[in-house]
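# Structural overview
What follows is each chain in one-letter form.
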Amino acid sequence: MEHFLGVDIGGTNTRLMLMNDQQVFQGYQKVPTRSWAELADPLGGLEQLLAAYLQGTSIQVSGVMLGLPGILSRDRNTVLSLPFIPALDNQPVAKQLSARLGLPVSMDKDVNHLMWWDLTRLDVLPDVAVGVYLGTGFGNSLWLNNDFYHGAHGGAGEIGHIPLKDNKLLCPCGKTGCVETLTSGNWLSGWARQNVPQTAMSDLFVKHGEHPDLLEFIERLARTVASEMNILDPQYLVLGGGVLSMTAFPIEKLQQQIRSHLRSPHPANGLTIAISGVSDETGCRGACLAAQRRFEQQRPSPRHFSLRREA
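In the annotation of an unreviewed UniProt entry, the entry for the protein reads D-allose kinase, and the organism field reads Ewingella americana.

Glancing now at the pattern of salt bridges. All chains considered together, the criterion is met by 10 salt bridges. As a salt-bridge pair, arginine 76 and aspartate 108 come within 2.9 Å of each other at their nearest N and O atoms. Here arginine 76 is found in the loop between β5 (71–72) and β6 (79–81), whereas its partner aspartate 108 is found in strand β7 (residues 105–109), with 32 residues between them in sequence. Aspartate 108 carries the same exposure label as arginine 76, and that label is buried. Here lysine 109 and glutamate 158 are joined by a salt bridge, their closest N and O atoms 3.1 Å apart. On the criterion of sequence distance, the pair formed by lysine 109 in strand β7 and glutamate 158 in the loop between β9 (138–144) and α5 (185–195) is long-range, its members being 49 residues apart. A residue is classified by how much of its surface remains accessible, and lysine 109, at 6% relative accessible area, is buried. Exposure remark for glutamate 158: the relative accessible area of 29% places this residue in the partly exposed category.

By convention, interface size is frequently given as the accessible area that disappears when the constituent parts associate. For the protein, the assigned domains read domain 1 (1–110 + 278–295) and domain 2 (122–273). Counting each side, the surface lost to burial between domain 1 and domain 2 is near 870 Å², with a carbon and sulfur contribution of 48%. The largest contributions to the domain 1 side of the interface with domain 2 come from Arg74, Lys109 and Arg293, which together make up 50% of the buried area. Here domain 1 and domain 2 share two salt bridges between them. One salt bridge in this structure joins arginine 293 and aspartate 147, with 3.1 Å as the shortest N-O distance. Here domain 1 is connected to domain 2 by seven residue pairs in polar contact (both at pLDDT 80 or more). Those elements that provide at least two residues to the side of domain 1 that touches domain 2 are β5 and β7. Tallied by class, the residues present in the side of domain 1 that touches domain 2 amount to five nonpolar, one polar and five charged.

Counted residue by residue, β9 has six buried out of seven residues, so it is predominantly covered. Relative to β9, strand β8 (residues 128–134) is paired through seven bridges, and the arrangement is antiparallel. Each bridged residue has a counterpart across the sheet, and for alanine 129 the counterpart in β9 is tryptophan 143. In this antiparallel pair of consecutive strands, β8 and β9, the connection spans three residues.

Mapped onto the fold, methionine 17 is located in strand β2 (residues 13–20). The exposure class assigned to methionine 17 is buried, which follows from its relative accessible area of 3%. Between the C-alpha atoms of methionine 17 and glutamate 281, which are 264 residues apart in sequence, the distance is 8.2 Å. Aside from chain neighbours lying at most four places away, what touches methionine 17 is Phe4, Leu5, Gly6, Phe25, Gln26, Gly27, Tyr28, Tyr53, Glu281, Cys284, Arg285 and Cys288.

This part covers the sheet that holds β7. Taking strand neighbours across the sheet as the criterion, the five strands line up as β3-β2-β1-β4-β7 in an open arrangement whose pairing is mixed. The outermost strands of the open sheet, each flanked by one partner alone, are β3 (25–32) and β7. Adjacent strand axes in the sheet meet at a mean angle of 15° when their direction is disregarded. On the sheet, helix α4 (residues 110–119) packs against β1 (3–9), β3, β4 (63–68) and β7 and is oriented at approximately 85° with respect to β7. Relative to β1, helix α9 (residues 282–297) is tilted by about 130°, and along the sheet it contacts β1, β2, β3, β4 and β7.

A few words now on the packing of aromatic side chains. Tallied over the entire structure, the rule returns seven aromatic pairs. Pairing phenylalanine 25 with tryptophan 117 gives two aromatic rings, centres 6.0 Å apart and planes at 65°, and the pair type is edge-to-face. Of this pair, phenylalanine 25 sits in strand β3 while tryptophan 117 sits in helix α4, placing them 92 residues apart in sequence. As far as burial versus exposure is concerned, phenylalanine 25 and tryptophan 117 are alike and both buried.

Criteria and cut-off values
- Residues numbered from 1 in each chain as written.
- Predicted model: local features only at pLDDT ≥ 70, side-chain atom pairs only at ≥ 80, totals over all residues.
- Heavy atoms only, no water.
- Salt bridge = Lys/Arg side-chain N within 4 Å of Asp/Glu carboxyl O.
- Helix = DSSP H or I, 4+ residues; strand = E, 2+ residues; numbered from the N terminus.
- Buried < 20%, exposed > 50% of the residue type's maximum accessible area, 1.4 Å probe, protein only.
- Domains from an automatic or database assignment.
- Buried area = accessible area lost by both parts, 1.4 Å probe.
- Polar contact = N/O pair within 3.5 Å; in protein donor to acceptor, adjacent residues only side chain to side chain.
- Nonpolar A, V, L, I, M, F, W, Y, C, P; charged D, E, K, R; others polar.
- Pairing = 2+ DSSP bridges.
- Contact = heavy atoms within 4.5 Å.
- Axes fitted to C-alpha atoms, helices over the stretch in contact; angles between N-to-C directions.
- Phe/Tyr/Trp six-rings, centres within 6.5 Å; stacked < 30°, edge-to-face > 60°.

Okay, here's the thing in structure tokens:
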């Protein structure tokens, strides 16, 4: 029986989990990302983390899949831009880790692993689907013609970096005016600190959901998402992420506003909107599934990849 290691690397936490080829999960672990990312040699720190995890289990792993919140090369071997760990920029991270660990290592954008988890919950994979995962930033996953779309150079799906007119805010990407600076968890937390400091972030929409600034936040999000729907005309739109799972977040209002901006007759009449089942483990679970898919595809005679709908 084969096993795969999925690793979900976030700005706050790094999550790891094993999965066998029957898609049974085990060994979930979460560690602070700073415990390895703030070392003088972050790549060496990541290697030590993975090696220690693997040494702590008697299971032989067939491959490792990393999920990273940044821009990766089209071939998914090189990190091009990872703002919170700039020391990894322009590094062939997958190739270097593979050589150090003696295991096949691959990587993709973390949001694609979230999307792959959600897609594999469906009975049938759609031809075209889009995932929007609003957390600290604005995650966007594109599933086009039965595969993830990376673009000509690896930078596709950066919907959070569409420039907004009259927006002068500096984005972590280095540009000014990006949608993400006004439509993300970062913006929400900053707004809350400035305007309602006495309110816990978890209660923001409970107590202030009708505030004009938050209503405009929902409308900005809806306009941005609807723009992508009108360009790509997908069958499915998956909405998820930590912001959308906040208590009292107006998810129905968001869906209504997205639909109000859709072009008729399509995508207005052909779009199914689904709400993601994202949990703390979803990123590394999706990475495990992506590892199985990737490494089995690379073999001379790949086995059929079947969808399982386990919780």
